[in-house]
Amino acid sequence: MLDAYVITILTLMGIWSVVALGLNVITGLAGQFNLGVGVYMGTGAYASAMLTTAAGFTFWEALPCAIAASACMGFLTGLPALRVREDSLAVLSIGLVFVFESLIIYLPYFGGPLGISRLPRATFAGEPATNQAYLLIVAGALVASIAATLYLRRSWMGLAWESIREDETAAQVLGIDPARYKLYAFTIGAAFAGLGGVLYAHFIRFVTPYDFGFLPSIYVLVMVVFGGLGTVRGAVFGACFLTLLPELFRFVQDYRNLIYGLTLVLLMLYQPRGLLGDGSYAWRAMRTGWTRLRAIRTTGRPYASNP
Amino acid sequence: MMKNSVFFVFIPNPVRGVRRAITTVAVLGLLLGSLALPALAQVNVLTQHNDNTRSGLNPNETLLTPSNVNATTFGTILSRPVDGMIAAQPLYVSHVNIPGQGVHNVVYVATLHNSVYAFDADNAAGGNASPLWQVNFLNPAAGVTTEPPSELGCTSTTRLSPSASRNCVRSPTVAVAGVTVTGADCLILGGTTVIFIALWFVIRHTSLGFAIRAVAQDIETAKVMGIDVDRSVRAVFFIGSAIAAFGGIMVAILYNAVYTSMGDMVGYKGLALIVIGGFGNMTGAVIAAFILGISETVLITYTDIPMSRDGIAMLMLVVLILIRPQGLLGKT
């Protein structure tokens, strides 16, 4: 039996990990700089909120619909990426997230700035889920997202994404259609982020437009870069650690955000590839340790004393 | 592909770009965080439910904790007579300098009798026994009355603007062909013109500008040619920050207010304008800025697009970037 506080933190860590994995597909794997992941998360959350409160869907019925809605949103916002690249794409995604937030606030269907409240609880085995049961649901979603990302990376699509990320022109020469694979990346990444959005909405059970604006989008990008852009371990670690960090520094109260910012600045200065990214200090040390362990296990001798 | 010096430092390619951008955001956060700290000591309540989000949440509370909110340390400090019932939420601002009465922590109260009071929040003794000031807005001749029978006057909560009330700068105004132009307007337009010409001169006709352009075009070659790359990068940051600071001061004078988040939206729009103008193209950026400023105002005034002003601006930026990804006037 876990403390309610611990359960809340763990659930949030899981939810942000799923969203970070979504952005990792778009920015990390396919290399499409995106500062507007809040759009996809918000689409998922609002779709689910509307379906469960206005249309009477249950959580499990609304979940696939909401994910599909975010995937569509990912496809639509992926279309501009076919026309602009890099810096322009980043700026464009900033624009999109503000347009999205503004539309949600001003269109008369989404509850305006007050958002949508009284979302129903998710059901688990036929009963309204307790926070513990919900943690299990989130954990399940996280495991599914990790498995899906790992599979995608090893698939043909993952290789295509990597080649586009490294050199788009070269990939095109090799017969890979960048437009197609970029759209796949946006659609799949948005679906992950939408899943995170649904989980978030039914955990907090109250959504406002500001939960999915520019700053949350930046936080997710920070999580992915903090852990190590383009790696699954990095996205999950970054999301968990940066969700936990403000809680760890609760004792410094007002200065929490200062500590948060300072951590990021130091990390970017000394470990620009992320804390667990390829080539980072921690990851190299772990790899070396693992190789040594394996050497000892197979030969019974330390690595250094192998002939 | 051509690289631009400002964006080399800012966003050259995904990995480095993300790193740079996040460092910038984090440094900004640090600076703004430290700016906001003095204000956090006692939280101002500037409108109903604390702030413009109207959520009722006070995320910056520092004095109240679960341990000190109890019957022994928490309760009525003082009560003051007013001329009617109170429906609007009383508001609180710390450290207000009231001319002739010194600095007070002030509670603002509006009554259904259409009066607004300012009371000292901390004690009611001595000089603070009477309100710091009181204004009654009843004026039957001008149609300002209360609603009978139960006297319904000022029922909703206003929004206080702390900085505007403290440092009121009035600019002189002149009328040109029926259009009122304030001194601030002239200063902004004139200052922008001067800066534009000066910047153009520095970039085009000095050795520093030559170095900056060379670094923008190809940093490796520039280094080989003996150009001090670090120096021109430093200069770019120095000049850029100084111009941005001028913009900040002008915005402060124009709206008569300064607050820690005043640069947020301007910063995002500025970034987008650089892209629309064409990287490094000064004329393009200025043209884009004018197009954006004029059309967002026209659209918000004459159409019913269901979006905020910033939302419309961002929508236009997205459309413009899609129409001309290479920038309005192309890259220099």
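Residues numbered from 1 in each chain as written. Chains lettered and ligands numbered in written order. Predicted model: local features only at pLDDT ≥ 70, side-chain atom pairs only at ≥ 80, totals over all residues.

Quick notes on the overall build of chain A
- Across its full length, chain A holds 12 helices and 4 strands.
- A compact globule built from 307 residues should have a C-alpha radius of gyration of about 19 Å, and chain A, at 20 Å, falls within 12% of that.
- Seen through its principal axes, chain A has C-alpha atoms that stretch 70 × 55 × 40 Å.
- Here chain A holds 307 residues, and 51% of them are scored as buried. (Helix = DSSP H or I, 4+ residues; strand = E, 2+ residues; numbered from the N terminus. Rg over C-alpha atoms; globule rule 2.2 N^0.38 Å. Buried ≥ 20, exposed ≤ 12 C-beta atoms within 10 Å, placed from the backbone.)

Quick notes on the overall build of chain B
- Scanning chain B for helices and strands turns up 10 helices and 6 strands.
- Across the 332 residues in chain B, those meeting the buried criterion constitute 20%.

Topic: the sheet that holds strand β4 (residues 133-136) of chain B
All names here are of chain B.
- Sheet architecture is open: 4 strands sit in the order β1-β2-β3-β4, paired in antiparallel fashion. Because the sheet does not close on itself, it has two edges, and the strands there are β1 (91-98) and β4. Pairwise comparison of adjacent strand axes, ignoring direction, gives a mean angle of 25 degrees for this sheet.
- Pairing between strand β3 (residues 115-120) and β4: 4 bridges, direction antiparallel. Each bridged residue has a counterpart across the sheet, and for Ala 118 the counterpart in β4 is Trp 133. (Pairing = 2+ DSSP bridges. Axes fitted to C-alpha atoms, helices over the stretch in contact; angles between N-to-C directions.)

Some points on the nonpolar core
- With 120 residues, the main nonpolar core has Val19(A), Ala20(A) and Met223(A) as its most contacted residues.
- Those residues within four positions of Val19(A) in sequence are excluded, and the remaining contacts are Val37(A), Met41(A), Ala193(A), Gly196(A) and Val220(A).
- Counting residues in each nonpolar core, the second largest holds 11 residues, with Val45(B), Tyr117(B), Ala118(B) and Phe119(B) among its members. (Core = buried A, V, L, I, M, F, W, Y, C linked by C-beta atoms within 7 Å. Contact = placed C-beta atoms within 7 Å.)

Regarding the packing of helix α6 (residues 156-166) of chain A against helix α8 (residues 178-204) of chain A
All names here are of chain A.
- For the pair α6 and α8, the least separation of the axes is 10 Å and the interaxial angle reads 110 degrees. Classified by the angle between their axes, α6 and α8 sit roughly perpendicular to one another. By crossing handedness, the relation of α6 to α8 is classed as left-handed. Between α6 and α8, the contacting residues are Met 157, Ala 160, Trp 161 and Ile 164 on the first element and Pro 178, Tyr 181, Lys 182, Tyr 184 and Ala 185 on the second.
- The class makeup of the residues in the contact of α6 with α8 is 8 nonpolar, no polar and 1 charged. (Parallel < 35°, antiparallel > 145°, perpendicular 65-115°, else oblique. Left-handed = near helix turned anticlockwise from the far one by under 90°. Nonpolar A, V, L, I, M, F, W, Y, C, P; charged D, E, K, R; others polar.)

Some words on the domain arrangement of chain A
All names here are of chain A.
- Once the domains are mapped, chain A shows domain 1 (4-276) and domain 2 (278-307).
- Just the C-alpha atoms count here: the centres of domain 1 and domain 2 sit 35 Å apart.
- With 7 residues of domain 1 in contact, the opposing surface of domain 2 contributes 6 residues.
- Its residues placed into classes, the side of domain 1 that touches domain 2 shows 2 nonpolar, 4 polar and 1 charged. (Domains from an automatic or database assignment.)

Brief notes about unusual backbone geometry
Residues and elements named next belong to chain A.
- One non-glycine residue, Arg 118, lies in positive phi territory at about 55 degrees.
- Tracing the backbone through its elements, the reader meets Arg 118 in the loop between β1 (116-117) and β2 (123-124).
- Unlike most non-glycine residues, Arg 205 shows phi in positive territory, near 60 degrees.

So, α6(A)
Residues and elements named next belong to chain A.
- Ala 160, Trp 161, Ile 164 and Arg 165 are the residues of α6 that are buried. In an axial view of α6, the angular spread of the buried residues amounts to 135 degrees, which keeps them on one side of the axis. Residues of α6 that are exposed and point more than 90 degrees away from the buried face comprise Trp 156 and Glu 166.
- Of the surrounding secondary structure, the elements contacted by the buried residues of α6 are α1 (4-29), α7 (168-173) and α8. (Arc of directions from axis to C-beta.)

Structural notes on the packing of helix α8 (residues 264-277) of chain B against helix α10 (residues 309-323) of chain B
Residue and element names in this part refer to chain B.
- Running from N to C, α8 and α10 point in directions that differ by 20 degrees, and their axes come no closer than 10 Å. On the basis of the axis angle, α8 is roughly parallel to α10. The interaxial crossing formed by α8 with α10 has left-handed handedness. Residues Met 265, Lys 269, Ala 272, Val 275 and Ile 276 of α8 touch α10, and the partners they reach there are Asp 310, Ala 313, Leu 317, Leu 320 and Ile 321.
- Looking at the contact of α8 with α10 residue by residue, the classes come out as 8 nonpolar, no polar and 2 charged.

Things to note about the environment of Ser232(B)
Residue and element names in this part refer to chain B.
- Topologically, Ser 232 is positioned in helix α7 (residues 229-255).
- The class for Ser 232 is buried, based on 22 C-beta atoms found within 10 Å.
- For the pair Ser 232 and Phe 210, spaced 22 residues apart in the sequence, the C-alpha separation amounts to 9.5 Å.

Some words on the environment of Ile15(A)
All names here are of chain A.
- In this structure, Ile 15 sits in helix α1.
- A C-alpha to C-alpha distance of 20 Å links Ile 15 and Leu 51, two positions 36 residues apart in sequence.
- Not counting residues up to four positions away in its chain, the partners in contact with Ile 15 are Val 138, Gly 196, Leu 199, Tyr 200 and Phe 203.

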